[in-house]
Amino acid sequence: MVQESTKLPQIPITSFFKGISLITMKLPFDEMLDAAGKARPQYQIFHNWLKQQSDTLMGLKRAEADLIFRRVGITFAVYGDDLGSERTIPFDQVPRIFTAKEWEQLEAGLRQRVKALNRFIYDVYHDEEIIKAGIVPAEQIYNNAQYRPEMRNVSVPRDIYAQIAGIDIVRAGEGEFYVLEDNLRVPSGVSYMVEDRKMMMRLFPDLFQKYRIAPVEHYPDLLLECLKSVKPDDVKKPNVVVLTPGMYNSAYFEHSYLAQQMGVELVEGKDLFVKNEQVFMRTTQGPERVDVIYRRVDDDFLDPLAFRSDTTLGVAGLLSAYRAGNVTLANAIGTGIADDKSIYPYVPEMIEFYLGEKPILNNVPTFQCRKTDDLAYTLANLDKLVVKLTHGAGGYGMLVGPASTKAEIEEFRKHLIANPDKYIAQPTLALSTCPTFVESGVAPRHIDLRPFVLSGKTIKMVPGGLTRVALKEGSLVVNSSQGGGTKDTWVLEE
Amino acid sequence: MLSRTADCLYWMARYTERAENTARMLDVNHQTSLLPQPKEFLEQSWKKLLTISKLEDAFLSKYDVVTRENVLDFMIYETSNPSSIVSCLYSARENARVIRGKITSEVWETQNTTWLELQRILEARHQSDPSRLLEWVKHRCHLFRGVLHGTMLKNEAFYFISVGTLLERADNTGRILENKYEDQTALKVLNPKKGSDEGTDGNFFDFYHWAALLRSVSAFEIYRQIYSDQVTPKQVAQLLIFNKQMPRSLVCCVNELIPLISEVKNQQSKEIERLLGKLKASLDYSDIDEVFEQGLEEFIEVFLERINHIADEFSNTYLIPLATN
């Protein structure tokens, strides 16, 4: 057994803050305007264009966008709302613009990171070298609810586990990007990336003549190519399907959209069955073999025989077919071990360990509340920190210190003291802002970015991602379930 | 194609067709209820409308008396009534949403827009004059059909939609005919001097009664064109049962179903082909005199039983996931 690593470099807490402008005291970086209030070079044309547009016109365009999203049915259901009630995600007309150079840096960093994460997952379920090397403590793996012993020594095509990764990135300053979160299970939002682009082109075609904007609409083609490249070895022409939990899932539009765009079947668990460790779907012409499943169903619900037995979303026997190598799941079972917030702090070291490279993208400094010192620091600075559940997602179960009341902080303190293992803390990021249409006109609002990285035969990306914007003034939470909106994301061509 | 997908396509079509036919029936009843007539007959005709759809019990558990307002309310708005127009349009749209990837975006957007517009109509609910709403429902269903034919590939998805439409339509035409014919019988009791195959001369109410029935299946002008004659019950029945050119007639629905089934043929579809063939033969080798000898009511009952048996068989063959081997 590997001992808990004492070799980990003990970084004094104060040095976390050295040289990085992560703390809210500073005015956040504005994507469009520099400190003097002048438009940055990549925004100049847009800035001038925007000044010439009347408020009435922009208002009309906004109404048009909402109407189109509704008619087309680009909507999502929010958990807790009545069934059948749907919302559109607010779409903002001010794009978020990256220069070619900025994107080059981001893309290199993302490819590097995802490559290392895939190596890590392989390692965790096979040779455990990173544990043996004392970089990640063994109990952080084995005691993690996201670790799937069922996956031990199971080989998957090309040793790729996270075929689709959505990496959340924030900016704190010029050239200063941080990875906030790796999403390696069933990341969503890519349909909005494509639909926002289409909407922007429809509303303001003239802008696309003024700018050379790299296209993103071929994402479904890249996705299909990626999924086909991880087919089981003995299959010649793989039958790819998208597995959805069903129409009441909040991302159902996206599941249906991707299946349609790829020209593959959208299936639910009840459409599939397993016989002789092979997966079939029930069609009007009888059973048909399935080779690659792009599943948008969480691990726990995939197979009632292997995981939660109370689920009807999955397929009985799927795990056995998967372990036998007769079907590929994308993403693989057990990828959660790599995107868990308790593993996140180790990613920079993973990159060095597996690739022998310096990480291109920064991690946000993270306090692991399971450690006594980190917990003490966190408890003493709750009003300044963001504290998150290690297994939380969607902006639920988190505390944004500077934005919380005393009572909220004290309430949260109780939870933290009761279960320190479940939390991590990070300095409150001064997320960059981007001008955004709000009730009072155009005002800066915080944004992040979720680019999507596809790993198959090679790693592929479309230039861009989903930019999410927190519409409430001062809010740092961009999740659509918490009232966030989206923006079209432009990567300029040289 | 996935069985579940086929199921959604089929039900999307059935619910849309049902919404349209319900609107047609209500509109006609509403129009005729404005004519001068015995009060008990009026009540009778609204009651019949519930019987025809086998909804009398469900209605009486919600309302005390059968009045025009209550029936309209129940058949248009009541969400606990699966055959109300609102329920049908909701189900049609929900089914479309599930398989939106299998229909053209135009078809999906038509269904979705219908539902969104209905929300606005419901907010400004004008019960006193349902005609405009019913007109709108018919219009939206026409639009759905037009968009369907104008944009969809003539592939499996299209065939399953068409089968759903035709099975529902055959059922609905049968029920409308049965219902109105019973009305006619009831009327005879009230007005015993007339024989059933006499013309409508001398009794304007009779004329309006049958004209309304024809209008409810968009067949009034067609009747005039074909028969150039007074409206007689026998000819109305002949038109709606046996006319091969009349798109809502029973024989027309059955004839159109046969090639569709052979397009979606699978290993288990022999039985449906046999049942359909038999039904077609029984229509081909019969005529209206024979039907009246047997009794129209009984004839329709048998027809409904057979067409619904075919619908069940269709579900078992294609829509309920096939056996796992």
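Rules and cut-offs
- Residues numbered from 1 in each chain as written.
- Chains lettered and ligands numbered in written order.
- Predicted model: local features only at pLDDT ≥ 70, side-chain atom pairs only at ≥ 80, totals over all residues.
- Helix = DSSP H or I, 4+ residues; strand = E, 2+ residues; numbered from the N terminus.
- Rg over C-alpha atoms; globule rule 2.2 N^0.38 Å.
- Contact = placed C-beta atoms within 7 Å.
- Buried ≥ 20, exposed ≤ 12 C-beta atoms within 10 Å, placed from the backbone.
- Pairing = 2+ DSSP bridges.
- Axes fitted to C-alpha atoms, helices over the stretch in contact; angles between N-to-C directions.
- Expected span 1.5 Å × (residues − 1).
- pLDDT = per-residue confidence, 0-100.
- Parallel < 35°, antiparallel > 145°, perpendicular 65-115°, else oblique.
- Left-handed = near helix turned anticlockwise from the far one by under 90°.
- Nonpolar A, V, L, I, M, F, W, Y, C, P; charged D, E, K, R; others polar.

Looking only at helices and strands, chain A has 14 helices and 21 strands in total. For a compact globule of 494 residues, the expected C-alpha radius of gyration is about 23 Å, and chain A comes in at 23 Å, within 12% of that figure. Principal-axis analysis of the C-alpha atoms gives chain A an extent of 65 × 60 × 45 Å. Residue pairs in contact within chain A that sit at least 24 positions apart in sequence constitute 70% of those at least 6 positions apart.

Right, let's talk about the overall build of chain B for a bit. Counting its secondary structure elements, chain B contains 15 helices and zero strands. Expected size for 325 residues packed as a compact globule is a radius of gyration near 20 Å; at 20 Å, chain B falls within 12% of this value. Overall, chain B is about 65 × 50 × 35 Å in size when its C-alpha atoms are taken along their principal axes. Put simply, chain B has 325 residues, and 45% of those count as buried. In chain B, of all internal contacts separated by at least 6 residues, the share reaching a separation of at least 24 is 72%.

Moving on to the interface of chain A and chain B. The interface of chain A with chain B comprises 22 residues on the first partner and 21 residues on the second. Secondary structure elements with two or more residues in the side of chain A that touches chain B: helix 2 (55–72), helix 9 (252–262), strand 5 (265–267), strand 6 (272–275), strand 7 (278–283) and strand 8 (286–289) of chain A.

Leave glycine aside and you will find that most residues have negative phi; peptide bonds, for their part, are mostly trans. Of the consecutive residues Ala330(A) and Asn331(A), the connecting peptide bond is found in the cis state with omega at -5 degrees. Relative to the helices and strands, Asn331(A) is located in the loop between strand 10 (328–330) and helix 11 (336–339). For Glu277(A), which is not a glycine, the phi torsion comes out positive at approximately 60 degrees. If you trace the backbone, Glu277(A) turns up in the loop between strand 6 and strand 7. In this model, Ser218(B) sits at a positive phi of 55 degrees, which is unusual for a non-glycine residue.

As a further point, take the sheet that holds strand 6 of chain A. Residue and element names in this part refer to chain A. Read from one edge of the open sheet, three strands run 6-7-8, paired in antiparallel fashion. Looking at the sheet topology across the chains shown, the edges are occupied by strand 6 and strand 8. Across this sheet, the average inter-strand angle for adjacent strands is 40 degrees, counted without regard to direction. With four bridges joining them, strand 7 and strand 8 adopt antiparallel strand pairing. What sits directly across from Thr283, in strand 8, is Gly286.

All names here are of chain A. As judged from the four bridges shared by strand 6 and strand 7, these two strands associate in the antiparallel manner. Among the inter-strand pairings, Phe273 is bridged to a residue of strand 7, identified as Phe280. Here strand 6 hands over to strand 7 after two residues, with Asn276 in that stretch at a positive phi of 50 degrees.

All right, on to the environment of Asn381(A) then. Residues and elements named next belong to chain A. Mapping Asn381 onto the fold places it in the loop between helix 13 (372–380) and strand 13 (385–389). Taking the number of C-beta atoms within 10 Å as the measure of exposure, Asn381 has 16 and is therefore partly exposed. Separated by 20 residues in the primary sequence, Asn381 and Gly401 have C-alpha atoms spaced 8.4 Å apart.

The next subject is helix 14 (residues 406–418) of chain A. Given a rise of 1.5 Å per residue, 13 residues ought to cover 18 Å, and the 19 Å separating the end C-alpha atoms of helix 14 of chain A matches this to within 8%. Among the 13 residues of helix 14 of chain A, zero are classified as buried, and the element is accordingly described as predominantly exposed.

What follows covers the confidence of the model for chain B. Residues and elements named next belong to chain B. The pLDDT averaged across chain B works out to 87; a share of 90% of its residues lies at or above 70. Across chain B, the secondary-structure element scoring lowest on mean pLDDT is helix 9 (residues 204–216), at 78, and the one scoring highest is helix 12 (residues 250–263), at 95. In the predicted complex, the global pTM is 0.84; the interface-specific ipTM is 0.77.

Attention now moves to the environment of Thr489(A). Residues and elements named next belong to chain A. In this structure, Thr489 sits in strand 21 (residues 484–491). Between the C-alpha atom of Thr489 and that of Arg197, which follows or precedes it by 292 residues, the distance is 7.7 Å. Beyond its immediate sequence surroundings of up to four residues, Thr489 is in contact with Pro95, Arg96, Met193, Leu449, Gly464, Gly465, Leu466 and Thr467.

Take the packing of helix 1 (residues 3–33) of chain B against helix 7 (residues 131–151) of chain B next. All names here are of chain B. Put simply, helix 1 and helix 7 touch, their axes get as near as 9 Å, and they point 150 degrees apart. Relative to helix 7, helix 1 is oriented roughly antiparallel. In terms of crossing hand, the pair formed by helix 1 and helix 7 is left-handed. Taking contact as the criterion, the partners of Thr16, Ala19, Glu20, Ala23, Arg24, Leu26, Asp27 and His30 in helix 1 are, on helix 7, Ser131, Leu134, Val137, Lys138, Cys141 and Phe144. Of the residues that constitute the contact of helix 1 with helix 7, the class distribution is seven nonpolar, three polar and four charged.

Residue and element names in this part refer to chain B. Compared with an ideal rise of 1.5 Å per residue, which puts 14 residues at 20 Å, helix 5 (residues 85–98) spans 20 Å between its outermost C-alpha atoms and is within 8% of the ideal. Most of helix 5 is tucked away: eleven of the 14 residues are buried. Residues of helix 5 that are buried: Ile85, Val86, Ser87, Cys88, Leu89, Ala92, Arg93, Asn95, Ala96, Arg97 and Val98. As for helix 5, its buried residues are in contact with helix 1, helix 4 (68–76), helix 6 (105–123) and helix 7.

Below, the discussion takes up the sheet that holds strand 10 of chain A. In any sheet, the strands associate via hydrogen bonds between backbone groups, in a parallel or an antiparallel arrangement. Residue and element names in this part refer to chain A. The strand order across the open sheet formed by four strands is 5-4-9-10, and the pairing between neighbours is parallel. Edge positions in the sheet fall to strand 5 and strand 10, since each of these pairs with one other strand and no more. The mean angle between the axes of side-by-side strands here comes to 30 degrees, regardless of whether they run parallel or antiparallel. Note: strand 9 (residues 292–295) against strand 10, three bridges, orientation parallel. Paired with Tyr294 across the bridge in strand 10 is Ala330.

Moving on to the pairing of strand 2 (residues 164–173) of chain A. Residues and elements named next belong to chain A. Strand 2 sits mainly inside the fold: eight of its ten residues count as buried. With three bridges joining them, strand 2 and strand 18 (residues 452–455) adopt antiparallel strand pairing. Across the sheet, residue Ala165 finds its bridge partner in strand 18, namely Val453. Pairing of strand 2 with strand 3 (residues 176–183), which is carried by seven bridges, proceeds in the antiparallel orientation. When the bridges of strand 3 are listed, Val170 appears paired with Tyr178. Between strand 2 and strand 3, which pair antiparallel one after the other, the connecting turn spans two residues, and Gly175 there sits at a positive phi close to 65 degrees.

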